[in-house]
Amino acid sequence: MVYRLTLCMSSLLLLVSGAVAQEYPTRQISLAVPFAAGGPTDTLARNLALVMSQQLKQQVVIENVAGAGGTIASNRIAKAKPDGYSLLIHHIGMATAPALYRKLSFNPLTDYEYIGQVADVPMTVIAKLGLPPDNLTELIAYVKKNKDKLNLGNAGLGAASHLCGLLFMSRIEADIVTIPYNGTAPAMTALMGGQIDLMCDQTTNTTAQIKSGRVKVYGTTTQQRIPSLSMVPTLAEQGMKGFEVSVWHGVYAPKGTPKPVIDKLVAALQASVQDATFKSRIGELGAQAVSKDKATQESLAIHLKAEIAKWEPIIKKAGVYAD
Ligand code: ASP
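Residues numbered from 1 in each chain as written. Predicted model: local features only at pLDDT ≥ 70, side-chain atom pairs only at ≥ 80, totals over all residues. Heavy atoms only, no water.

Caption draft 1: Expanded view of the overall build of the chain. Scanning the chain for helices and strands turns up 11 helices and 10 strands. The C-alpha atoms of the chain give 21 Å as radius of gyration, which agrees with the globular expectation for 323 residues (20 Å, within 12%). Within the chain, the fraction of its 323 residues that count as buried is 53%. Partitioning the contacts of the chain with sequence separation of at least 6, the portion at a separation of at least 24 is 78%. (Helix = DSSP H or I, 4+ residues; strand = E, 2+ residues; numbered from the N terminus. Rg over C-alpha atoms; globule rule 2.2 N^0.38 Å. Buried < 20%, exposed > 50% of the residue type's maximum accessible area, 1.4 Å probe, protein only. Contact = heavy atoms within 4.5 Å.)

Caption draft 2: A look at unusual backbone geometry. Put simply, Tyr 24 and Pro 25 share a cis peptide bond, and its omega is -5 degrees. Structurally, the position occupied by Pro 25 is in the loop between helix 1 (2–23) and strand 1 (29–33). A positive phi angle is found at Lys 57, which is not glycine, with a value near 55 degrees. Structurally, Lys 57 is set in the loop between helix 2 (40–56) and strand 2 (60–64). Even without being glycine, Ala 68 reaches a positive phi, approximately 50 degrees. The exposure class assigned to Ala 68 is partly exposed, which follows from its relative accessible area of 39%.

Caption draft 3: Expanded view of empty space enclosed by the protein. One pass over the full model with this rule turns up two cavities of 30 Å³ or more. A volume near 70 Å³ is recorded for the largest cavity. Pro 40, Thr 41, Ala 155, Thr 184 and Gln 202 are, among the 13 residues lining the largest cavity, the residues nearest its centre. Sorting the residues of the lining of the largest cavity by element identifies helix 2, helix 6 (160–172) and strand 7 (198–202) as the ones contributing at least two each. Of the residues assigned to the lining of the largest cavity, the class counts are five nonpolar, seven polar and one charged. Considering only enclosed or pocket space, the second largest cavity measures out at about 30 Å³ in volume. What lines the second largest cavity is Ile 92, Ala 160, Leu 163, Leu 167, Val 245, Val 247 and Trp 311. (1 Å grid on protein atoms, 1.4 Å probe; cavity = no way out; pocket = protein on both sides within 12 Å on 5 of 7 lines; lining within 4 Å. Points joined across faces, edges and corners; volume = space filled by probe spheres on them. Nonpolar A, V, L, I, M, F, W, Y, C, P; charged D, E, K, R; others polar.)

If you want it as structure tokens, here you go:
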């Protein structure tokens, strides 16, 4: 008797949660951005939120949860209620965090439902206006000569700007001091104010500043020139062969989010990455929306796993980590 009652209760609960999932979304959805407002991740997220809101017929609002290279936001969403109202957008940093942070309180491979990939964004090496070198060759010589006096801004351990900076320093064999910010938007303000010298950052944050001449640019991390920044040479064409960095992004929900909710989010993401306005808005900033087949749970799962495996030995070898 007791057993039957329990069975009935759990079937009822399942039915109710199924019905709730069917109606989803009935209120606004929060999309956590792991870096400061105004930066590259935030810019991509706000453009995505606009189209996702249209698709889901509910507001998708941005919540900037900055700090610790994006791990604060990732942890918050890993522990959030799995009801589809708390989501996360994150980049390559989701894959580098396990190797970089010794006391990580979330697991990228087990704590989330994956929604899909969003866009790939190239980077640029930029500097404050007063820095003397006028091209990459001069920059390399200058950095080597002045490495004790220069610094490089970034968005914290594991941020794309951090990784790109590390790669750049290792290519030119000069280690300079790095200064972490809560995002590359505040780092950009510091760069334009002359408080930091150099930065490697996504085109979604640097295109406008490069075009208006508020920063110096030394090259892009792409194989070919970026159409919206066609006057900027690639690092590769200036001799830094193979220096290609593209920052991928994914959308995540807490583990246990009901399947019907995930299905709706995947459908909305797929429609968004194909949306002409979304594509052209981020395209003007050098970013490229992924194809529909990448805006899937499977694609993000496979990519994330491969990226974790790729970065782990590189980071271990570099000996960088946070306790
Ligand atoms: N995406 C940037 C980075 O990783 C940070 C930001 O969005 O502010 O450097």
